[in-house]
Amino acid sequence: MAKILACVNQKGGVGKTTTAVNLAAALHAKGKRVLLCDFDPQANATSGLGLEKGASAHTSYDVVIDGVSAELARVKTEYCDVIPSSAELSGAGVELVGVDRREYALRDALEPLREQYDYIFIDCPPSLELLTLNALCAADQILIPVQCEYFALEGLSDLMVTLRTVKRRLNPTLSIFGVLLTMYDGRTNFSAQVAEEVRRHFPGKVFAAAIPRNVRLSEAPSHGKPICAYDRLSRGAAAYDAVANEILAKETL
């Protein structure tokens, strides 16, 4: 049965979508059955895996609002399976407000697919509203990308408050799977200091591998490819491969 991991951080520009796309592709390349659910209205995970935005017959919006089955919305790519997103999803939070069990719309939709995968990643929007709440209710655990920059931990206290609230009221088994350092620059003391601070705040939860600042990693989405397909010899590809290995090692403990 699939482990469902929500990639979440309400702060934008931290490498959340990059992480969701590249870990999904890296685990798929290692023989795992992987589904990526794009639950961000920006649909960058969708285009990052080579799918044209707005071109899919069904999207995650149709799944949670119109009751279209996740299996019908699923699209197979050479990198992993995808439930694409669209700009329509930006209004879904308002549309869900009056719906019964509105926090569980995504969980109920993904449940029939759990037996078909080893991992299901959910790429969340950069905010803490109803869409993200749906992802937290659907997930077994969360994966938090944190950029190695000034104010790296800014806003994470809000995420921790939301996590505790969801655990208490909606999803009692939800926990942190791991914290991933992104945009790491090993040439500077500052990145090392931020990494140390993050490890102090999340003891035992921070991945050993960190994702470096890497031009090839930034270029890959514009070509509709994960980094392992765009440039498998790049530092970015090596870093995400190392994180994927850590994930697999965790599962065998």
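Above this note sits the structure.
None of these values were measured; they are calculated from a predicted model.

*Asks:* How do you make sense of the side chain of Arg 74 when you look at a structure like this?
*Replies:* Of note, Arg 74 is situated in the loop between helix H4 (70-73) and strand E3 (75-76). The exposure class assigned to Arg 74 is buried, which follows from its relative accessible area of 17%. One polar contact links Arg 74 to Glu 71, side chain to side chain, over a distance of 3.2 Å. In this structure the side chain of Arg 74 is engaged in a polar contact, spanning 2.9 Å, whose partner is the side chain of Tyr 117. Ignoring sequence-local partners within four residues, the contact set of Arg 74 consists of Leu 35, Asp 81, Val 82, Ile 83, Leu 113, Gln 116 and Tyr 117.

*Asks:* Looking at this model, I keep getting lost on the pattern of salt bridges. Mind explaining?
*Replies:* Where charged atoms from two side chains of opposite charge come close, those side chains can pair. A full pass over the atoms with the stated rule returns 13 salt bridges. Residues Asp 185 and Arg 187 are paired through a salt bridge, measuring 2.9 Å at the closest nitrogen-oxygen approach. The closest approach of N and O atoms between Arg 216 and Asp 231, which form a salt bridge, is 2.9 Å. Of this pair, Arg 216 sits in helix H10 (residues 215-219) while Asp 231 is found in the loop between helix H11 (227-230) and helix H12 (235-252), placing the two residues 15 residues apart along the sequence. Residue Arg 216 is classed as partly exposed on the basis of its relative accessible area, which comes to 31%. Each of Lys 16, Asp 40 and Asp 123 takes part in a single network of salt bridges with overlapping partners.

*Asks:* Is there a simple way to explain H12 in this structure?
*Replies:* Since there are 3.6 residues in each turn of an α-helix, residues three or four apart along the chain are aligned in direction. With 18 residues, H12 ought to run about 26 Å at 1.5 Å a step, and its terminal C-alpha atoms sit 26 Å apart, in line with that. Of all the residues in H12, the buried ones are Gly 236, Ala 237, Ala 239, Tyr 240, Val 243, Ala 244, Ile 247 and Leu 248. On its buried side, H12 packs onto helix H1 (16-29), strand E5 (119-123), strand E7 (175-182), H10 and H11.

*Asks:* How do you make sense of the pairing of strand E2 (residues 34-38) when you look at a structure like this?
*Replies:* The side chains of a regular strand alternate, residue by residue, between the two faces of the sheet. Where burial is concerned, most of E2 is hidden: five out of the five residues are buried. The alternating pattern of E2 places Val 34, Leu 36 and Asp 38 on one face and Leu 35 and Cys 37 on the opposite face, and all of these are buried. Relative to E5, E2 runs parallel, the two being bridged by five bridges. Considered in E5, the bridge of Cys 37 is made with Ile 122. Bridging between E2 and strand E4 (residues 81-83) involves three bridges; their strand directions are parallel. By the bridge assignment, Leu 36 is partnered in E4 with Val 82.

*Asks:* What should I look at first to understand the pairing of strand E6 (residues 141-147) in this one?
*Replies:* By the criterion of burial, E6 is predominantly enclosed, with seven of the seven residues buried. Residues of E6 alternate between two faces, with Gln 141, Leu 143, Pro 145 and Gln 147 on one and Ile 142, Ile 144 and Val 146 on the opposite face, all of them buried. As paired strands, strand E1 (residues 3-7) and E6 are joined by three bridges and run parallel to one another. Its bridge partner lying in E6, Ala 6 is registered against Ile 142. Here E6 runs beside E7; their pairing, made up of seven bridges, is parallel. Each bridged residue has a counterpart across the sheet, and for Ile 142 the counterpart in E7 is Ile 176. In terms of handedness, the path from E6 via helix H8 (residues 156-169) over to E7 forms a crossover that is right-handed.

*Asks:* Even after reading the chapter, I still don't get the environment of Leu 163, so can you show me in this structure?
*Replies:* Tracing the backbone through its elements, the reader meets Leu 163 in helix H8. For Leu 163, a relative accessible area of 7% corresponds to the buried category. Separated by 26 residues in the primary sequence, Leu 163 and Cys 137 have C-alpha atoms spaced 9.9 Å apart. Apart from the residues lying within four places of it in its own chain, the contact partners of Leu 163 are Ile 142, Leu 174 and Ile 176.

*Asks:* What should I look at first to understand a nonpolar patch on the surface in this one?
*Replies:* Judged by side-chain polarity, Tyr 150, Phe 151 and Phe 190 come together as a nonpolar surface patch covering roughly 360 Å² of accessible area. Following the sequence through the fold, Phe 190 ends up in helix H9 (residues 189-201).

*Asks:* Looking at this structure, I do not really get unusual backbone geometry. What am I missing?
*Replies:* Note: most residues except glycine have negative phi, and most peptide bonds are trans. One non-glycine residue, Arg 101, lies in the positive phi region at around 55°. Positionally, Arg 101 belongs in the loop between helix H5 (92-96) and helix H6 (105-110). A residue is classified by how much of its surface remains accessible, and Arg 101, at 42% relative accessible area, is partly exposed. Positive phi outside glycine occurs at Met 183, with the angle close to 55°.

Cut-off values and rules
Residues numbered from 1 in each chain as written. Predicted model: local features only at pLDDT ≥ 70, side-chain atom pairs only at ≥ 80, totals over all residues. Heavy atoms only, no water. Helix = DSSP H or I, 4+ residues; strand = E, 2+ residues; numbered from the N terminus. Buried < 20%, exposed > 50% of the residue type's maximum accessible area, 1.4 Å probe, protein only. Polar contact = N/O pair within 3.5 Å; in protein donor to acceptor, adjacent residues only side chain to side chain. Contact = heavy atoms within 4.5 Å. Salt bridge = Lys/Arg side-chain N within 4 Å of Asp/Glu carboxyl O. Expected span 1.5 Å × (residues − 1). Pairing = 2+ DSSP bridges. Right-handed = clockwise from strand over helix to strand, strands pointing away. Patch = residues over 30% accessible without salt bridge, like charges linked within 9 Å, V, L, I, M, F, W, Y side chains within 5 Å. Areas by Shrake-Rupley, 256 points an atom, 1.4 Å probe, with all protein chains shown as cover.

By themselves, these observations are geometric and do not establish any function.
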